[in-house]
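A look at the structure
Listed here are the chains, written in short residue letters.
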Amino acid sequence: MDSMTMLLFGATGDLAARKLFPALFRMFLDQKLPEPFWIVAIGRRAWSQSRFRSRVEKSLLDFCQDRSADFSRLPAFLQRVEYYEMDVRQPQAYLNLHQYVRSGEGERLIGDNRLFYLSVSPDLFAGIAGNLQSSGLSQTNGWRRLMIEKPFGSDLASARDLNRKLGEVFAEEEIYRIDHYLGKPMVQSLGTLKSVNPIIHAVWNSPYIANVQITASETIGVEERSAYYDQTGAIRDMLQNHLLQLAIMTAMHVPGRMTAEEVRAEKRSVIEAMRPLGQEDVRLHVVRGQYSNGSIDGTPVCAYRDEAGVAPRSMTDTFVAARLFIDLPRWQGVPFYLRTGKRMNEKSTRIVVQCKSSEEAELPNLVVIHVSPNQGMTLRLNLHAPGMPGQLEPVEMAYVPNQKHLPESYEMLLAEAMRGDRTHFAHWEEVELAWRWVEPILAAFAENRVPLHHYPAGTNGPDAANRLLEEDGFTWWLDPEDEPLLTPVHAR
Ligand SMILES: NC(=O)C1=CN([C@@H]2O[C@H](COP(=O)(O)OP(=O)(O)OC[C@H]3O[C@@H](n4cnc5c(N)ncnc54)[C@H](OP(=O)(O)O)[C@@H]3O)[C@@H](O)[C@H]2O)C=CC1
Ligand SMILES: O=C1O[C@H](COP(=O)(O)O)[C@@H](O)[C@H](O)[C@H]1O
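Residues numbered from 1 in each chain as written. Chains lettered and ligands numbered in written order. Predicted model: local features only at pLDDT ≥ 70, side-chain atom pairs only at ≥ 80, totals over all residues. Heavy atoms only, no water.

1. A short note on the domain arrangement of the chain
Many authors give the size of an interface as the accessible area that is lost as the parts come together. Domains assigned within the chain are domain 1 (4-149) and domain 2 (182-409 + 427-471). In this structure, domain 1 and domain 2 have C-alpha centres spaced 34 Å apart. (Domains from an automatic or database assignment.)

Have a look at this one:
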């Protein structure tokens, strides 16, 4: 891999502490970082080098998931991290930064390759890009890449505006828009699962599939992010990006070669075929919810409207469920149900593909992809109980990865960006088409044309989300972790 400088904007922030430094440390231990390699960690606080490094050290101890990580190598890792204090809104500061980076690259014999990572508030994205250009920092003799955090805009117009501004500095091939769900290992395995297994490949289409259910449920509430979340809601925070990406990855045809360009073309054909929602459709196909008080694991928790920083009459959606159709011949008539919510009864992201039932077997075959926190796959089949011909019994075959350390999505994505592989990053076309698809929902929510259902914290979300499936004769499947998956939700 090419030697490079990584300029991390927002190095003192929450994401850097919880995800980025742990991922970088893990990559360092696994020798997945280039040599030589240097991180310029940019923050606004007047912190000394040692104070910053202690903070990184603490965050690694707190958040490095792999407790068996070799922490004796921490000092060697920290040697590669230099704190740099600046206010990113000051154009002059970039000239100084440029000088600092050039001289550091010279000392470390680093080629002219720069990875800019924007882990700051989205209202700073465009300004930073502009300043990188005017200061000369983004002009390199090697390559330059921009990794950019979510959210990419808050609606279609703002996303287009941001993209235009970034496009004045970086070419599309240089922009790596992060959707960390695309970095989750089981999501990245979907292509292989579908393409190299005839048993899956053959049935992955409408004659065999009854419906697809994608759930991303969380037990946490808004935590410290109410200012952001109250303006955003589940629809923008999760559905427009992560859930639609999961639906696309499930539905897309796997190209012969998994190059970024071919994957992009296949993804585009799926998202273009997502049936648009008309004004009236939103009420029929979308459920909006917000948590009221309840309890999570036996601990009482307050209602969303009582969270610090949330407007007392907030109409923000903390839960959203949607039914969508993909008008491609292979998905004709197959509903995709998506749902996501805060303060639900479990932390689980999973994709359940329900096959059509045969005449003999009442319970359908299921393919379940456990995305996180559990990773793996379950396949449910029907067999005759041994020695009891005529009596069908559902059986489950489960795959649980047997690895000491399962890579975190940020590890996967950082490694890919460092290699220059954009396969698992969101192309602008996808982002734009996803915003276009959710626009009618945003409008309906803003105009309160869709009821806001309150659901007690610690539950599966509002009943209306169950009805969405019941209308079609289906029901949400539970996670087999808690109970056998054989139990449809209404039978609990
Ligand atoms: N936190 C999370 O779980 C997730 C975050 N994201 C995205 O990641 C990005 C970062 O989020 P998060 O880490 O939570 O945000 P934080 O508010 O925790 O951190 C913001 C960072 O930006 C820096 N910053 C702010 N203003 C300036 C400035 N004028 N000049 C220099 N630095 C500045 C802060 O520096 P300082 O503290 O020194 O002032 C800090 O390092 C956002 O785009 C967010 O949407 C995406 C998914 C999840
Ligand atoms: O992007 C986001 O994702 C997290 C959930 O991510 P996960 O990897 O823990 O499933 C969510 O909590 C957050 O609100 C959202 O911004």
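2. Section: helix 5 (residues 125-135)
Among the residues of helix 5, those classed as buried are F125, I128, A129, N131, L132 and S135. Buried residues of helix 5, seen end-on, are gathered within an arc of 165° and therefore sit on one face of the element. Packed against the buried residues of helix 5 are strand 1 (4-9), helix 4 (91-108), strand 4 (114-118), strand 5 (144-148) and helix 6 (156-167). (Buried < 20%, exposed > 50% of the residue type's maximum accessible area, 1.4 Å probe, protein only. Helix = DSSP H or I, 4+ residues; strand = E, 2+ residues; numbered from the N terminus. Arc of directions from axis to C-beta. Contact = heavy atoms within 4.5 Å.)

3. Considering the sheet that holds strand 4
Taken in spatial order, the six strands line up as 3-2-1-4-5-6 in an open sheet, and their pairing is parallel. Edge positions in the sheet fall to strand 3 (81-85) and strand 6 (175-177), since each of these pairs with one other strand and no more. Within the sheet, the average angular offset between the axes of one strand and its neighbour, ignoring direction, is 20°. Against the sheet, helix 4 contacts strand 1, strand 2 (37-43), strand 3 and strand 4, and its axis sits at roughly 160° relative to strand 2. (Pairing = 2+ DSSP bridges. Axes fitted to C-alpha atoms, helices over the stretch in contact; angles between N-to-C directions.)

4. Topic: the site of ligand 2
Around ligand 2, the surrounding shell consists of K150, H180, Y181, K184, E218, I220, R225, D237, M238, H242, K342 and K347. Contact between ligand 2 and K184: an oxygen atom at 2.6 Å from a side-chain N or O atom of the residue. Taking D237, its side chain carries an N or O atom lying 2.6 Å from an oxygen atom of ligand 2. Considering ligand 2 on its own, with 390 Å² of exposed area, one finds that the protein chains cover 84% of that surface. Tallied by class, residues from the shell around ligand 2 come to three nonpolar, two polar and seven charged. (Near = heavy atom within 4 Å. Polar contact = N/O pair within 3.5 Å; in protein donor to acceptor, adjacent residues only side chain to side chain. Areas by Shrake-Rupley, 256 points an atom, 1.4 Å probe, with all protein chains shown as cover. Nonpolar A, V, L, I, M, F, W, Y, C, P; charged D, E, K, R; others polar.)

5. Concerning the pattern of salt bridges
A full pass over the atoms with the stated rule returns 32 salt bridges. Where K165 meets D161, a salt bridge forms, and the shortest distance between an N and an O atom there is 2.9 Å. Taken as a pair, K165 and D161 lie in helix 6 at a separation of four residues, close to a single helical turn. Given a relative accessible area of 30%, D161 falls into the partly exposed group. Linking K347 and E218 is a salt bridge whose minimum nitrogen-to-oxygen distance equals 3.7 Å. You can see K347 sitting in the loop between strand 12 (336-341) and strand 13 (348-355) and its partner E218 sitting in the loop between strand 7 (209-217) and helix 10 (226-251), a full 129 residues away along the chain. Looking at K347, the relative accessible area reads 38%, which means it is partly exposed. (Salt bridge = Lys/Arg side-chain N within 4 Å of Asp/Glu carboxyl O.)

6. Section: the environment of L132
Within the secondary structure, L132 sits in helix 5. Residue L132 is classed as buried on the basis of its relative accessible area of 0%. When sequence neighbours within four positions are dropped, the list of residues in contact with L132 reads F9, Y94, F116, L137, S138 and F170.

7. Description of the packing of aromatic side chains
The tally for this structure, following the rule as stated, stands at 18 aromatic pairs. Among the aromatic side chains, those forming a connected cluster through ring pairs are Y229, Y291, Y304, F319 and Y455. Over the face of the ring belonging to W143 we find R145, whose NZ or CZ atom lies 3.5 Å from the ring centre. Across from the ring centre of F152, 5.0 Å away, lies the NZ or CZ of R177, which sits over that ring. (Phe/Tyr/Trp six-rings, centres within 6.5 Å; stacked < 30°, edge-to-face > 60°. Lys NZ or Arg CZ within 6 Å of the ring centre and 35° of its normal.)

8. Some details on the environment of V40
One can find V40 in strand 2. Residue class for V40 comes out buried when judged on its relative accessible area of 0%. On a C-alpha basis, the gap between V40 and E82 in space is 5.2 Å, while along the polypeptide they are 42 residues apart.

9. What to know about the site of ligand 1
Around ligand 1 there are 22 residues in total, and T12, D14, R18, R45 and K150 lie nearest to it. In this structure, G13 approaches ligand 1 through a main-chain N or O atom, which is 3.0 Å from an oxygen atom. One of the side-chain N or O atoms of R45 is found 2.7 Å from an oxygen atom in ligand 1. In the complex, 82% of the free accessible area of ligand 1, which totals 890 Å², lies under the protein chains. Considering each element in turn, the shell around ligand 1 owes the most residues, three residues, to helix 1 (residues 14-29). Its residues assigned to classes, the shell around ligand 1 comprises nine nonpolar, five polar and eight charged.

10. A look at the environment of D155
Tracing the chain through its elements places D155 in the loop between strand 5 and helix 6. Looking at D155, the relative accessible area reads 26%, which means it is partly exposed. It is 8.2 Å that separates the C-alpha atoms of D155 and R236, two residues lying 81 residues apart in sequence. If we ignore the near neighbours within four places in the chain, the residues touching D155 are W435, E439 and L442. Polar contacts involving the side chain of D155 include one to the side chain of S158, which spans 2.7 Å.

11. Notes on the pairing of strand 5
With five of its five residues buried, strand 5 lies for the most part within the structure. Burial along strand 5 is two-sided: R144, L146 and I148 and R145 and M147, pointing in opposite directions, are all buried. On the question of chirality, the crossover connecting strand 4 to the parallel strand 5 by way of helix 5 is right-handed. Looking at chain direction, strand 5 and strand 6 are connected through three bridges and run parallel. Pairing of L146 across the sheet is with I175, part of strand 6. A crossover connection joins strand 5 to the parallel strand 6 through helix 6; in handedness this β-α-β unit is right-handed. (Right-handed = clockwise from strand over helix to strand, strands pointing away.)

12. Side note on the confidence of the model for the chain
Averaged over every residue, the pLDDT of the chain is 93; residues scoring 70 or more account for 97%. For the stretch residues 486-492, pLDDT sits under 50, and the model shows 21 contacts to residues farther than four places along the chain or on other chains. What the predictor reports for the complex is a pTM of 0.95 with an ipTM of 0.98. (pLDDT = per-residue confidence, 0-100.)

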